[in-house]
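What follows is the residue order along each chain.
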Amino acid sequence: MTLFGGIEAGGTKFVCAIGTGPDDLRNEIRFPTTTPAETIGQAVAYFKEQAANEPLDAIGIASFGPVDPDPKSATWGYITTTPKPHWHNTEFATVLQRELNVPVGFDTDVNGAALGENRWGAAQWLDNFIYLTIGTGIGGGAVVNGQLVHGLLHPEMGHFLLPPRDDDPSPDGFCPYHGHCFEGMANGPAIEKRWGQKAETLAEDHPAWELEAHYLAVGLENLICVYSPQRIIMGGGVMEQKQVFPMLRQKVIELLNGYVQSPAILEEIDRYIVPPGLGNKAGILGAIALAQRQAGV
Ligand code: ADP
Ligand code: ZN
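It should be emphasised that the depicted structure is a prediction, and the values quoted were computed from it without experimental measurement.

A. Structural context of the pairing of strand β1 (residues 4–9). Along β1, five of the six residues are buried, which leaves the element largely enclosed by surrounding structure. Relative to strand β2 (residues 13–21), β1 is paired through six bridges, and the arrangement is antiparallel. Bridge pairing in β2 links Phe 4 to Gly 19. In this structure, the hairpin formed by β1 and β2 is closed by a connection of three residues. Direction of pairing for β1 relative to strand β4 (residues 58–63): parallel, over a ladder of six bridges. Counterpart to Phe 4 in the pairing with β4 is Ala 58.

Here it is as C-alpha cells:
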C-alpha cells in the first residue's frame with residue numbers, strides 16, 4: 001500500500017493530513033503558523049505519529065512563499081524572502097526529509113493546488129491552465145504543456161502592475177512593494193482597507209464587488225494574453241463571493257474585446273473561469289499531489 005503526507009503551509013495556519021486523494025484524505029489537523037521551530041516542529045511530530053501507524057512513502061509541502069523550489073539549489077526547500085516575521089530564509093522541506101527519512105516534494109501553495117486540480121479537480125485532462133488564489137495575497141500557479149512553470153524562481157502572478165480605475169477611492173493600492181499591483185488592488189486586505197470593513201462583511205450588492213470584479217478581470221486579461229490558458233481556476237477566500245464570478249466573466253470578455261477568438265471564452269466562459277473543483281480541499285490535496293509526484297506516482 002502507498003500512503004502520502006501533505007502540508008498546506010499557509011501564512012496564518014498549517015494543515016496536515018495523510019491519504020492518497022480526494023476519496024482518501026485522513027487525520028487532518030490544523031495549527032496556527034507561529035515560529036518556524038514551533039510550527040515545523042508540530043508538523044514533524046504529527047508525521048512521526050502517523051508514520052508509526054503506517055509508513056509514509058513521501059510528504060508534499062505546498063507552502064506560502066516566496067520559496068526556493070529549485071532542486072539544484074543549495075537552499076532548495078527554503079522559504080526565502082518572505083516579509084512574514086521569523087520566516088525569512090527558513091529551512092523547511094529538508095527538515096521533514098531528515099526527520100522522517102522520506103522523499104519530500106516542495107513547491108508554492110498555488111503550484112501545489114494547480115497540480116491537485118490537474119489530477120482530481122477542475123483541470124483534469126488540461127495541459128495549459130492557471131490556478132489563482134485571491135485571499136490574503138494573490139498568487140498563481142501555471143501549468144504549461146503539462147508542466148508546472150518555475151523558471152528563475154517561480155511566477156509571481158500577484159505582482160504585475162495594473163492601472164487604478166478613476167473612481168477607485170484608494171488608487172495607490174496597498175502592496176508594500178508596488179502599491180497598485182494586482183495583489184495590492186484586489187486581495188482581501190486591499191478590499192478591507194479600501195472600504196473600511198472586512199471583505200466577508202460587505203453586502204453582496206456593495207459597490208466593492210463591481211470594482212473587485214474589474215481588477216480581477218484586468219488581471220485575468222493580462223494572464224490570458226501571456227499564458228493562453230485553457231481554463232482559469234479561481235480559489236481563495238475572496239472568491240467565496242459567488243456574485244463576483246458572473247461580473248468577472250463579463251468584464252473579461254469586454255476587456256479582451258474580441259481579440260482572443262476562442263469559443264472557450266466567447267461561448268463557454270462559465271466553464272472557462274471556474275472555482276476549484278476540489279473546493280476548500282484544493283490546498284491540502286495539492287500537497288498530497290506534490291508528495292505523489294516526488295514519489296513518481
Ligand atoms: P489565506 O489567503 O490566508 O490562506 P483566505 O484565502 O481565506 O486565506 O484569504 C483571507 C482573505 O480573504 C482575508 O482578507 C479575508 O477578508 C478574505 N475573505 C475570507 N473569506 C471571505 C469571504 N467569504 N468573502 C470575502 N472575503 C473573504
Ligand atoms: Zn506587489
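B. A look at the domain arrangement of the protein. When cut into domains, the protein gives domain 1 (4–112 + 280–294) and domain 2 (126–275). Of note, the centres of domain 1 and domain 2, computed from C-alpha atoms alone, are 26 Å apart. Contact with domain 1, which involves 11 residues of that partner, is made by 13 residues of domain 2. Between domain 1 and domain 2, the buried area comes to about 890 Å², and carbon and sulfur atoms account for 60% of it. Looking at the side of domain 1 facing domain 2, the largest losses of area belong to Pro 69, Val 110 and Asn 111, adding up to 55% of the total buried there. Seen at the junction of domain 1 and domain 2, the total is zero salt bridges. Taken together, the connections running from domain 1 to domain 2 amount to two residue pairs in polar contact (both at pLDDT 80 or more). Residue classes in the side of domain 1 that touches domain 2 are distributed as six nonpolar, three polar and two charged.

C. Inspection of the site of ligand 1 at higher detail. If you check the shell around ligand 1, you find 13 residues, and the closest are Thr 136, Gly 188, Glu 200, Gly 237 and Gln 241. The side chain of Glu 200 places a nitrogen or oxygen atom 2.6 Å from an oxygen atom of ligand 1. Note that a nitrogen atom of ligand 1 is positioned 2.7 Å from one of the side-chain N or O atoms of Gln 241. Look at ligand 1: alone it shows 560 Å² of surface, and the protein chains cover 69% of it. Here the residues of the shell around ligand 1 sort into four nonpolar, seven polar and two charged.

D. Quick peek at the packing of aromatic side chains. Scanning all chains against the criterion turns up eight aromatic pairs. Judged by centre distance (5.6 Å) and plane angle (70 degrees), the rings of Phe 64 and Trp 87 are edge-to-face. One end of the pair, Phe 64, is in the loop between β4 and β5 (78–79); the other, Trp 87, is in the loop between β5 and β6 (90–91), with 23 residues separating them in the sequence. Assessed through its relative accessible area of 0%, Trp 87 is described here as buried.

E. Here's a closer look at the nonpolar core. Among the nonpolar cores identified, the biggest contains 37 residues, and Leu 132, Leu 216, Leu 220, Met 234, Leu 248, Val 252 and Ile 273 are the most heavily contacted of them. When residues in this core are grouped by element, the largest group, 11 residues, is from helix α6 (residues 207–227). For Leu 248, the residues in contact, after removing those within four places along its chain, are Ala 213, Leu 216, Ala 217, Leu 220, Met 234, Met 239 and Ile 273. Of all hydrophobic cores here, the second largest spans 28 residues; its members include Val 95, Leu 100, Val 104 and Phe 106.

F. Just the side chain of Glu 221, in detail. Looking at the secondary structure, you find Glu 221 in helix α6. Comment: no salt bridge for buried Glu 221; closest opposite-charge side chain is Lys 251, at 14 Å. The residues contacting Glu 221, other than those within four sequence positions of it, are Leu 255 and Leu 256.

G. Looking closely at the sheet that holds strand β12 (residues 273–274). One open sheet holds the five strands; their spatial order is β10-β9-β8-β11-β12, and the pairing between them is mixed. A single partner strand is all that each edge strand has here, and the edge strands are β10 (147–148) and β12. Bridge analysis of strand β8 (residues 129–134) against strand β11 (residues 232–235) gives four bridges, and the strand direction is parallel. Bridge pairing in β11 places Thr 133 opposite Gly 235.

H. Seen up close, the packing of α6 against helix α7 (residues 244–256). Following both chains from N to C, one finds α6 and α7 inclined at 50 degrees, their axes separated by 8 Å at the closest point. With respect to their mutual orientation, α6 and α7 come out oblique. The hand of the α6/α7 crossing is right-handed. Where α6 abuts α7, its residues Trp 209, Glu 210, Ala 213, His 214, Leu 216, Ala 217, Val 218, Leu 220, Glu 221, Ile 224 and Cys 225 lie against Val 244, Met 247, Leu 248, Lys 251, Val 252, Leu 255 and Leu 256. Grouping the constituent residues of the contact of α6 with α7 by class yields 14 nonpolar, one polar and three charged.

I. Fine view of the coordination of the zinc ion (ligand 2). Those protein atoms acting as donors to the zinc ion (ligand 2) are His 159 (ND1), Cys 175 (SG), His 178 (ND1) and Cys 181 (SG), and they sit at 2.1 to 2.4 Å. Geometry at the zinc ion (ligand 2) is tetrahedral, judged from the four donor atoms that bind it and their angles of 101 to 120 degrees at the metal. Spacing between the donor residues of the zinc ion (ligand 2) along their common chain follows H-x15-C-x2-H-x2-C. Within this pair, whereas His 159 is found in the loop between β10 and α4 (182–186), its partner Cys 181 is found in the loop between β10 and α4, the two being separated by 22 residues in sequence.

Conventions and cut-offs
- Residues numbered from 1 in each chain as written.
- Chains lettered and ligands numbered in written order.
- Predicted model: local features only at pLDDT ≥ 70, side-chain atom pairs only at ≥ 80, totals over all residues.
- Heavy atoms only, no water.
- Buried < 20%, exposed > 50% of the residue type's maximum accessible area, 1.4 Å probe, protein only.
- Helix = DSSP H or I, 4+ residues; strand = E, 2+ residues; numbered from the N terminus.
- Pairing = 2+ DSSP bridges.
- Domains from an automatic or database assignment.
- Contact = heavy atoms within 4.5 Å.
- Buried area = accessible area lost by both parts, 1.4 Å probe.
- Salt bridge = Lys/Arg side-chain N within 4 Å of Asp/Glu carboxyl O.
- Polar contact = N/O pair within 3.5 Å; in protein donor to acceptor, adjacent residues only side chain to side chain.
- Nonpolar A, V, L, I, M, F, W, Y, C, P; charged D, E, K, R; others polar.
- Near = heavy atom within 4 Å.
- Areas by Shrake-Rupley, 256 points an atom, 1.4 Å probe, with all protein chains shown as cover.
- Phe/Tyr/Trp six-rings, centres within 6.5 Å; stacked < 30°, edge-to-face > 60°.
- Core = buried A, V, L, I, M, F, W, Y, C linked by side-chain atoms within 4.5 Å.
- Lys, Arg positive; Asp, Glu negative; His and termini not counted.
- Axes fitted to C-alpha atoms, helices over the stretch in contact; angles between N-to-C directions.
- Parallel < 35°, antiparallel > 145°, perpendicular 65-115°, else oblique.
- Left-handed = near helix turned anticlockwise from the far one by under 90°.
- Donors = N, O, S within 2.8 Å, 3.2 Å for Na, K, Ca; no water.
- Tetrahedral: all angles 85-135°; square planar, octahedral: opposite > 155°, others 65-115°.

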